[in-house]
Amino acid sequence: MGLIYALIASGLSLIFGLMEIVNFAHGEHLMLAMFTSFWLWALLGLDPIVSIPITILVLAFCGIITHYFLIRYILKAKMLVQICATFGLAIFIRSLAQYLWTPDFRNVSKPMLEGRIEIAGIFIGQPQFAAAIVCLFAFIGLYLFVTKTETGLALQATSQDRQAAEILGVPSNKMFALGWGLGLGCVAIAGSMMSSYFYIFPDVGINFSLFAFVAVALGGFGSILGCLYAGIIIGLVESLGGLLIDPSFKLLYVFAIYLLVVVFKPQGIFGRY
Amino acid sequence: MSDLKSAQAEPLFNSNKKMTYLVLGFFAFLILLPALGPTKFFLHLMIMIFMHAVISQSWNIIGGFSGQISLGHGAFFGIGAYATSFFYVEYGLTPWAGIVIGIIVCAIVAILIGIPMLRLSGHYFAIATLLVGISFQIIFQRWDFVGAASGLWVPLTSEDSLYAIQFHSSKVPYYYLFLIFFTIIFFITWVISRSKLGYRLRAVRDDAQAAQSLGIDVAKHKIIAFAISAMMMSPMGSLFAQYILIVDPDRMFNFEISIIALLITVLGGIGYVWGPLVGTLILIPLAEYARIFFGGTGGAVDLMVYGVVLMIICIFKPSGIISFLPNHILHREKMR
């Protein structure tokens, strides 16, 4: 679970680090990813695992559309406006999903991965295990892409200093679109992995986006590696708190962490700022 | 954008006589309205307009004047609603006292929350309030003492009663109640916006460091604004609870309330006293009618409209619809 949070959060973090915009519609994009893989399964019979590439493409496309139609206009606006705009996007996507697909709970029945496996005496659901593995790999891939390839370096350059990067010939607008595509691609992987074992409904994103916010704050805004650690911490706190105290207050534990971190160490535990 | 302008802006209703008459005439019209024999639906619409205007006005205090974006304001609405209903159901205390209790509780909660949280700024604060709003909902869903997830059902009185604030025969008394609160709260906001406090809050919003260097205690002012804003939210929750007579965590701590408060204010004109009113007058009828026309198809159409409107406003007119009004109404002419 923690690895999934980490992946979702890294998408958010990437977008934030790049253009200082918090994507309040992140959870809704996750929901879209889950619905995409659900419909691919329902209509074409593709298993969520098989359809990951398609989901990534769809979501990356979504991200680029979001950038061109909304984000481009509010890049230089005040923070308040940015929050409101992405928030409006969130409301819009969520209620559109509710309108089109009704708020029913759905799930993919008979996915390829089912049952559970035993590792050293601990039972883990097979889809969850696979999700963790895939997320870890996706994460490593993302990390390598951002730190090792030329495009990734250009991305980093843009996030550090937009003007300087532009002088050196990095088209910042394209980089932003790429950032959105990548960020939502991460979400797509997480979403399609989750859709094999999680219920799919229009409001599913809210909790995950909250966790993603917390993870990003914990890891330091803009730091991708921080997200990995933070995601794992949150996953642990959530399940341990649920196990030891009371599962209905899961969110509160995570919230408590958030508050502690932002009050005492606002740059995040692993923050670079 | 007109941040700079609004920093020096005086709200409407300045020494201009024409304006004074216009506003007084508007209120006189509102007072006389029920005498014209409107339908029940129209009264309901007006009540919703008053309620949302006040909710967004309270958001405006913290979001517009002092520039802190709170996404969890629904929490105070819920506290107000629970305060009245809980004391009425359990102890038979009149909702009037409940309203006062709600206000006090809200102020205390706001200060307690505000002390750690208002040290944060920007995104951190917004996300923290979002989490607070949802935490309240979760707590009240699980708290057996206040009825847990099923909530509280206010016992009906046999006839209309001012003591219990229940009117079954018509909506007119409710209309006046909401109108009274609407008037009081807009008046208070207007006073605040022209007082020293209002100017200081705007100074904090526009440049916290500069404000600090001028001797304004930034943290204290943010907390004051937060508390005032919470205190305004509470009576609306109370009255709404008395209006629908059911209190449950999903309705009262609904995330939607926080969103709508923000949305209306941004739509109408953030930081202007009359912005929330403009926003409400446009949005609430739109939403109510959208709900009627598309009702039963999933019920999310009004929210869809909200989302689109919010995005469009953010792209094209970040200072809100009120900024379409001519400048001389918005900004008082320089006296000297």
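Predicted model only: the values in this text are computed from it and were never measured. (Residues numbered from 1 in each chain as written. Chains lettered and ligands numbered in written order. Predicted model: local features only at pLDDT ≥ 70, side-chain atom pairs only at ≥ 80, totals over all residues.)

Trainee: Can you help me understand the overall build of chain A in this one?
Mentor: In terms of regular secondary structure, chain A is built from eleven helices and two strands. The order of helices and strands in chain A, counted from the N terminus, is α-α-α-α-β-β-α-α-α-α-α-α-α. Within the span of chain A, comprising 273 residues, buried residues form 52% of the whole. For chain A, restricting intrachain contacts to residue pairs at least 6 apart in sequence, the fraction spanning at least 24 positions comes to 76%. (Helix = DSSP H or I, 4+ residues; strand = E, 2+ residues; numbered from the N terminus. Buried ≥ 20, exposed ≤ 12 C-beta atoms within 10 Å, placed from the backbone. Contact = placed C-beta atoms within 7 Å.)

Trainee: Looking at this structure, how should I read the overall build of chain B?
Mentor: Along its length, chain B carries 15 helices and two strands. The buried share of chain B, reckoned over its 336 residues, is 49%. When contacts within chain B are restricted to residue pairs at least 6 apart in sequence, those whose partners lie at least 24 apart make up 77%.

Trainee: Looking at this model, I keep getting lost on the packing of helix α3 (residues 40-65) of chain B against helix α13 (residues 275-293) of chain B. Mind explaining?
Mentor: Relative orientation and spacing of two packed helices are given, respectively, by the angle between their axes and the distance between those axes. All names here are of chain B. One can describe the packing of α3 onto α13 by two numbers: an axis separation of 9 Å at closest approach and a directional angle of 135 degrees. By the criterion of interaxial angle, the relationship of α3 to α13 is oblique. Once α3 is placed against α13, the crossing between them reads as right-handed. For the pair α3 and α13, contact is made by Leu45, Met48, Ile49, His52, Ala53, Ser56, Gln57 and Asn60 and by Gly275, Pro276, Leu277, Gly279, Thr280, Leu281, Ile284, Pro285 and Glu288, respectively. Its residues assigned to classes, the contact of α3 with α13 comprises nine nonpolar, seven polar and one charged. (Axes fitted to C-alpha atoms, helices over the stretch in contact; angles between N-to-C directions. Parallel < 35°, antiparallel > 145°, perpendicular 65-115°, else oblique. Left-handed = near helix turned anticlockwise from the far one by under 90°. Nonpolar A, V, L, I, M, F, W, Y, C, P; charged D, E, K, R; others polar.)

Trainee: Help me understand the interface of chain A and chain B, please; the structure alone is not making it clear to me.
Mentor: Often the size quoted for an interface is simply the accessible area lost on bringing the parts together. Contacts between the two partners involve 36 residues from chain A and, on the opposite side, 33 residues from chain B. Looking at the side of chain A that touches chain B, the elements with two or more residues in it are α3 (52-74), α4 (79-101), α9 (205-219) and α11 (250-264) of chain A. Among the elements that take part in the side of chain A that touches chain B, α4 of chain A stands out by supplying 15 residues, more than any other. In terms of residue class, the side of chain A that touches chain B is made up of 30 nonpolar, five polar and one charged.

Trainee: Any chance you could explain the nonpolar core here in plain terms?
Mentor: If you look at the biggest cluster of nonpolar residues, it comprises 184 residues, and the most contacted ones within it are Ile8 and Ala215 of chain A. Residue contacts for Ile8 of chain A: discarding those within four places in its chain leaves Leu30, Cys186, Val187, Ala190, Phe208 and Ala212 of chain A. (Core = buried A, V, L, I, M, F, W, Y, C linked by C-beta atoms within 7 Å.)

Trainee: Honestly, the confidence of the model for chain B in this entry has me stumped. Any pointers?
Mentor: Interpretation of the predicted coordinates at a detailed level should be avoided for regions scoring low in pLDDT. Residues and elements named next belong to chain B. The pLDDT averaged across chain B works out to 75; a share of 78% of its residues lies at or above 70. Across chain B, element-level confidence peaks in helix α10 (residues 218-244) with a mean pLDDT of 84 and bottoms out in helix α1 (residues 3-8) with 43. Below pLDDT 50 for its whole length, residues 332-336 participates in three contacts with residues either more than four positions away or in separate chains. Both scores are available for the predicted complex, with the pTM at 0.75 and the ipTM at 0.70. (pLDDT = per-residue confidence, 0-100.)

Trainee: Even after reading the chapter, I still don't get α10 of chain B, so can you show me in this structure?
Mentor: Quick reminder: α-helices carry 3.6 residues per turn. Residues three or four places apart thus point the same way. A rise of 1.5 Å per residue sets the reference length of α10 of chain B, with its 27 residues, at 39 Å; its end C-alpha atoms lie 39 Å apart and thus fit the reference within 8%. With respect to burial, α10 of chain B is a largely interior element, 22 of its 27 residues being buried. (Expected span 1.5 Å × (residues − 1).)

Trainee: When you look at the environment of Trp143 of chain B in this model, what are you seeing that I'm missing?
Mentor: All names here are of chain B. Among the secondary structure elements, Trp143 is positioned in the loop between α6 (123-142) and β1 (152-153). Taking the number of C-beta atoms within 10 Å as the measure of exposure, Trp143 has 13 and is therefore partly exposed. As for Trp143 and Leu33, which are separated by 110 residues in sequence, their C-alpha atoms are 42 Å apart.

Trainee: Any chance you could explain the environment of Ile192 of chain B here in plain terms?
Mentor: Residue and element names in this part refer to chain B. Relative to the elements of secondary structure, Ile192 occurs in helix α7 (residues 172-194). Distance from Ile192 to Phe65, taken between C-alpha atoms, is 9.8 Å for residues 127 residues apart in sequence. The residues contacting Ile192, other than those within four sequence positions of it, are Leu197 and Gly198.

Trainee: Please explain the packing of helix α2 (residues 26-44) of chain A against α3 of chain A as it appears in this structure.
Mentor: All names here are of chain A. The interhelical angle for the contact between α2 and α3, taken along N-to-C directions, is 140 degrees, at an axis separation of 10 Å. Taken together, the axes of α2 and α3 are oblique relative to one another. The handedness of the crossing between α2 and α3 is right-handed. When α2 is examined against α3, the residues His29, Leu32, Ala33, Thr36, Ser37 and Leu40 are found in contact with a partner set consisting of Ile54, Thr55, Val58, Leu59 and Cys62. Along the lines of polarity and charge, the residues of the contact of α2 with α3 split into seven nonpolar, four polar and no charged.

Trainee: I tried to follow the environment of Val191 of chain B on my own but got confused; where do I start?
Mentor: All names here are of chain B. Examined against the element boundaries, Val191 turns out to sit in helix α7. By the C-beta count within 10 Å, which is 12 here, Val191 ends up exposed. Note: C-alpha distance between Val191 and Ile31 (160 residues apart in sequence) is 22 Å.

Trainee: Explain helix α8 (residues 172-194) of chain A here, please?
Mentor: Helix length check: α8 of chain A (23 residues) gives 33 Å between terminal C-alpha atoms against 33 Å at 1.5 Å per residue, within 8%. In terms of burial, α8 of chain A is largely enclosed, as 20 of its 23 residues are buried.

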